[in-house]
Amino acid sequence: MNFPFQLISGTDFDVIGFGTNAVDYLVRVPEYPAFDSKVELINYLEAAGGEAASTMVGLRRLGFRTAYAGRFGDDHAGEIGLRSLIDEGVDVSNAEIVPEARTQVAFILIDARNGERTVIWQRDKRLGYADIDAPVMVAAQGRILHMTPHDTLACIRMARAAREKGVIVSIDVDNVFDHIEELLPLVDICIASAAFPEKLLGVADKQTAMREMASRFGCAVVGITLGAAGSMFLSQGAFIETPGFDVPGECVDTTGAGDAFRAGFLCGVLNGDGVEESSRIANAVAALKCRGLGARAALPDVSDLSLLIPAFIA
């Protein structure tokens, strides 16, 4: 099934990312600790993460031109986060360093038995964007604008600026933020966590909730991630269910798998693939990411994708 929209050409970048970045402190343990217990860790890591920033890195590794707009604190974590994007070749001309602010951090416990994780995070309010602060000048510099809607009013301004120039708008959403119902009608590709449609609409059945989202907000593509089970998308009235891939070797860590999934899906969109193949690529990129500890260490390049999709051509 073809996507019901067309990408523009002649832009500076393929994808502009606007939203969250973070530095993660990952601790891998033999099993999730019981209350009031002690457990010896297996290993630990300090590494850059954050949804929007990691998706831009994932797309960059797959050969696309990406830029990131977001805010870092002027602390050690901010240095790590910003340098990580520069080293990957992501354009950071529209990234900002906020004096005296602390970069978003997450402390993540990973259960070595299955790679599943628990995230404890904090975002300094000084990193947030008011609508008037939104870097609208960058919104139309890519073929796709991809956002995490934590600063929803700023995202609304960005989405409007993008749409005025024919740019496709994509969001990664897992929670119901204030003003989200004003943003969704401006979104072409909405990829959510499995729990989001019920949180938003109060409808437990996933397909019913996804149909309601498409009908009420007009998103051209509505998708949900289903972890190891894969994904489900709704486009033009039809559901596309795609199974997940087994992680080559073993599943070390699921941190950032959703960010990787979005990178894979947008890779398919940019390649001119249909919904089915884009979903397949998304599941493959997410599975390959889970080979390593942290959100980005095992993000695949094009050659890595041949492990799961032998005929893949970028």
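Heads up: these notes are all about the structure in this document. (Residues numbered from 1 in each chain as written. Predicted model: local features only at pLDDT ≥ 70, side-chain atom pairs only at ≥ 80, totals over all residues. Heavy atoms only, no water.)

1. Digging into the overall build of the protein chain
Alright, step 1. Counting secondary structure elements, the protein chain contains 9 helices and 14 strands.
Alright, step 2. For the protein chain, whose C-alpha radius of gyration is 18 Å, the value lies close to the compact-globule estimate of 20 Å for 314 residues.
Alright, step 3. For the protein chain, the C-alpha atoms occupy an extent of roughly 55 × 45 × 40 Å along the three principal directions.
Alright, step 4. Going through the 314 residues of the protein chain one by one, you find that 55% of them count as buried.
Alright, step 5. Within the protein chain, counting contacts between residues at least 6 apart in sequence, those at least 24 apart form 68% of the total.
Alright, step 6. For the protein chain, the exposed surface amounts to about 13400 Å²; the carbon and sulfur share of it is 49%. (Helix = DSSP H or I, 4+ residues; strand = E, 2+ residues; numbered from the N terminus. Rg over C-alpha atoms; globule rule 2.2 N^0.38 Å. Buried < 20%, exposed > 50% of the residue type's maximum accessible area, 1.4 Å probe, protein only. Contact = heavy atoms within 4.5 Å. Areas by Shrake-Rupley, 256 points an atom, 1.4 Å probe, with all protein chains shown as cover.)

2. Here's the deal with the sheet that holds strand 2 (residues 22–29)
Alright, step 1. Spatially, 3-2-7-8 is the arrangement adopted by the 4 strands of the open sheet, whose pairing is mixed. What marks the edges here is a single partner per strand, and that holds for strand 3 (43–49) and strand 8 (117–122). On average, each strand axis in the sheet is inclined to that of its neighbour by 20°, with strand direction left out of account.
Alright, step 2. Where strand 7 (residues 105–111) and strand 8 come together, 6 bridges link them in antiparallel fashion. Bridged to Ile108 within strand 8 is Val119. (Pairing = 2+ DSSP bridges. Axes fitted to C-alpha atoms, helices over the stretch in contact; angles between N-to-C directions.)

3. Describing the sheet that holds strand 14 (residues 238–242)
Alright, step 1. One open sheet accounts for 8 strands, arranged 4-1-9-10-11-12-13-14; its pairing is mixed. The open sheet terminates on both sides in strands that have one partner only, identified here as strand 4 (66–69) and strand 14. Pairs of neighbouring strands in the sheet enclose a mean axial angle of 15°, with direction left out of account.
Alright, step 2. As defined by bridge partners, strand 10 (residues 168–173) adjoins strand 11 (residues 189–193) across 4 bridges and the pair is classed as parallel. Note that in strand 11 the partner of Ile171 across the bridge is Cys190.
Alright, step 3. Set on the sheet, helix 1 (residues 51–61) makes contact with strand 1 (13–18), strand 4, strand 9 (142–147) and strand 10; between it and strand 4 the angle comes to about 170°.
Alright, step 4. Seen against the sheet, helix 3 (residues 152–164) touches strand 1, strand 9 and strand 10 and runs at an angle of roughly 165° to strand 9.

4. Quick look at the pairing of strand 8
Alright, step 1. Here strand 8 lies mainly on the outside; 0 of its 6 residues are buried.
Alright, step 2. A loop of 5 residues connects strand 7 with strand 8, the two strands running antiparallel in sequence, and Gly115 in this loop sits at a positive phi of about 80°.

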